[in-house]
Amino acid sequence: MNYIVFDLEWNQSSSSATENDLLPFEIIEIGAVKLDAKFNIIDEYGSIVRPQIYPRLQKRIWEMLHYDEAFLKTGRHFDVVCKEFLDWCGEDFMFCSWGPLDLYYLQQNMDFYVMNPLPSPLHFYNLQDIFADIYPDLGACKLEKAVERLSIPIDQPFHSAINDARYTGLIMKHLKIKNLDDKYCVDYYNNPKTLDDEIVSRHKNYREHISREFDSKNEAMEDKVLLTLHCPKCNRRINKKIKWFSNNSTSYLCVGKCWYHGYILGKIKFKHTYDDRVFMIKKTQLISKAEMENIKQKQDQIRQKRKEKNKRHKSNNQ
Ligand SMILES: [Zn+2]
């Protein structure tokens with residue numbers, strides 16, 4: 001199997017409003033390197049795409065890139081370039097990228113031009129996350145920072161798709177990643193639509209469940225089955241010690257205990273679909289007793305704040 005490490009450059013509307021909701025980000029360049037099983041670069045792909053929706057480069061993007069609008073006119077239509085790129089990828093490969101966005105926007109652009117969708121569920125390696133696990137002091141950092149940290153020679157400018165793909169490929173080789181098989185992510189672009197499509201992926205240290213769509217967060221949070229917790233180690237259904245509570249506007253937390261493996265943190269995040277429905281991503285992972293106690297404290301603080309707010313609200317209304 002080969003690894004296709006790819007990078008995209010995209011443009012967007014020059015005005016503050018998005019001109020086309022179906023294509024907020026238009027791809028203008030695809031760059032990729034193909035790595036063999038030992039992470040050696042064995043081939044390269046690079047092409048410029050002639051934009052159809054946003055022919056003017058947004059100022060911030062124009063400043064970052066090393067080419068202008070006249071050069072983009074020399075590119076070819078997206079569906080021609082994308083088909084060529086996918087043919088170049090071959091049959092047996094895994095996508096790898098710096099962050100999850102490239103794969104998301106690739107599919108959004110493919111949808112826009114009514115191309116055949118990529119297989120689903122789609123697994124890929126997010127090298128930004130894998131790097132952050134190995135170098136937690138840098139976290140989910142920019143590509144430049146990771147290249148510097150690994151002392152990879154910088155001989156080409158960043159923010160060209162082919163150069164960034166090359167650098168990302170070199171990072172993959174330098175990282176000497178252990179248990180790479182376990183570190184895949186599931187792409188969220190083609191999210192599950194029905195109960196039968198729901199995706200559960202089990203990893204060494206966590207378990208991820210991607211739900212079907214709902215009209216609202218509240219509707220999803222009423223689904224008792226979806227709110228159950230499973231131990232990521234043994235997959236047993238476990239009892240909750242701290243019930244689900246709203247941590248902030250985008251996530252919910254909960255803690256359970258597996259008789260065999262200890263405390264388990266559950267975390268729910270919601271993602272919006274383009275037609276404003278939602279789906280849930282529920283992750284469970286092992287935590288220590290101290291971490292469990294921190295979460296308990298957090299819940300108490302949130303409850304306390306809410307009480308005070310309600311009190312203020314009541315006294316203001318009197
Ligand atoms: Zn267990």
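Remember, predicted model here, so these are calculated numbers, not experimental data.

A tally of helices and strands in the chain yields 9 helices and 13 strands. Reported as C-alpha extents along the three principal axes, the dimensions of the chain are approximately 65 × 50 × 40 Å. Intrachain contacts of the chain at a sequence separation of at least 6 include 61% that bridge at least 24 residues. A total of about 17,800 Å² of accessible surface is found on the chain, and carbon and sulfur atoms cover 49% of it. If the 48 positive side-chain charges of the chain are averaged to one point and the 44 negative ones to another, these points end up 12 Å apart.

Let's shift gears to the sheet that holds strand β13 (residues 278–286). Taken in spatial order, the 7 strands make up an open sheet running β7-β8-β13-β12-β11-β10-β9, and their pairing is antiparallel. Here the strands that pair on one side only, and so sit at the sheet edges, are β7 (199–202) and β9 (229–230). As judged from the 8 bridges shared by strand β11 (residues 251–258) and strand β12 (residues 262–272), these two strands associate in the antiparallel manner. Opposite G256, over in β12, you have I264 as the bridge partner. Sheet strands in contact with helix α9 (residues 289–317) are β10 (237–246), β11 and β12, and its direction is about 35° off that of β10.

Below, the discussion takes up the coordination of the zinc ion. Distances from the zinc ion to its protein donors, namely C231 (SG), C234 (SG), C258 (SG) and H261 (ND1), fall within the range 2.1 to 2.3 Å. Geometry at the zinc ion is tetrahedral, judged from its 4 donor atoms and the angles of 106 to 114° they form at the metal. The sequence pattern describing where the donors of the zinc ion fall on their chain is C-x2-C-x23-C-x2-H. Classification of C234 by relative accessible area gives partly exposed; the value is 24%.

Enumeration over the complete set of coordinates arrives at 21 aromatic pairs. Where F112 meets Y113, the ring centres are 5.0 Å apart and the plane angle is 90°; that geometry is what we call edge-to-face. Of the residues examined, Y113 reaches a relative accessible area of 17% and is grouped as buried. Clustering of aromatic rings is evident, with ring pairs tying together F6, Y45, F85, W88, F93 and F95.

Glancing now at the sheet that holds strand β5 (residues 123–126). Pairing within the open sheet is mixed, and its 6 strands lie in the order β3-β2-β1-β4-β5-β6. At either end of the open sheet lies a strand with only one pairing partner, and these are β3 (41–48) and β6 (185–186). Relative to β5, strand β4 (residues 93–97) runs parallel, the two being bridged by 3 bridges. Opposite S97, over in β5, you have N126 as the bridge partner. Its contacts with the sheet put helix α3 (residues 78–89) on β1 (2–11), β2 (26–35), β3 and β4, and the angle it makes with β2 is roughly 10°. Helix-sheet contacts for helix α4 (residues 101–112) involve β1, β2, β4 and β5, and the interaxial angle to β1 is about 70°.

Parameters at a glance
- Residues numbered from 1 in each chain as written.
- Predicted model: local features only at pLDDT ≥ 70, side-chain atom pairs only at ≥ 80, totals over all residues.
- Heavy atoms only, no water.
- Helix = DSSP H or I, 4+ residues; strand = E, 2+ residues; numbered from the N terminus.
- Contact = heavy atoms within 4.5 Å.
- Areas by Shrake-Rupley, 256 points an atom, 1.4 Å probe, with all protein chains shown as cover.
- Lys, Arg positive; Asp, Glu negative; His and termini not counted.
- Charge placed at Lys NZ, Arg CZ, Asp CG, Glu CD.
- Pairing = 2+ DSSP bridges.
- Axes fitted to C-alpha atoms, helices over the stretch in contact; angles between N-to-C directions.
- Donors = N, O, S within 2.8 Å, 3.2 Å for Na, K, Ca; no water.
- Tetrahedral: all angles 85-135°; square planar, octahedral: opposite > 155°, others 65-115°.
- Buried < 20%, exposed > 50% of the residue type's maximum accessible area, 1.4 Å probe, protein only.
- Phe/Tyr/Trp six-rings, centres within 6.5 Å; stacked < 30°, edge-to-face > 60°.

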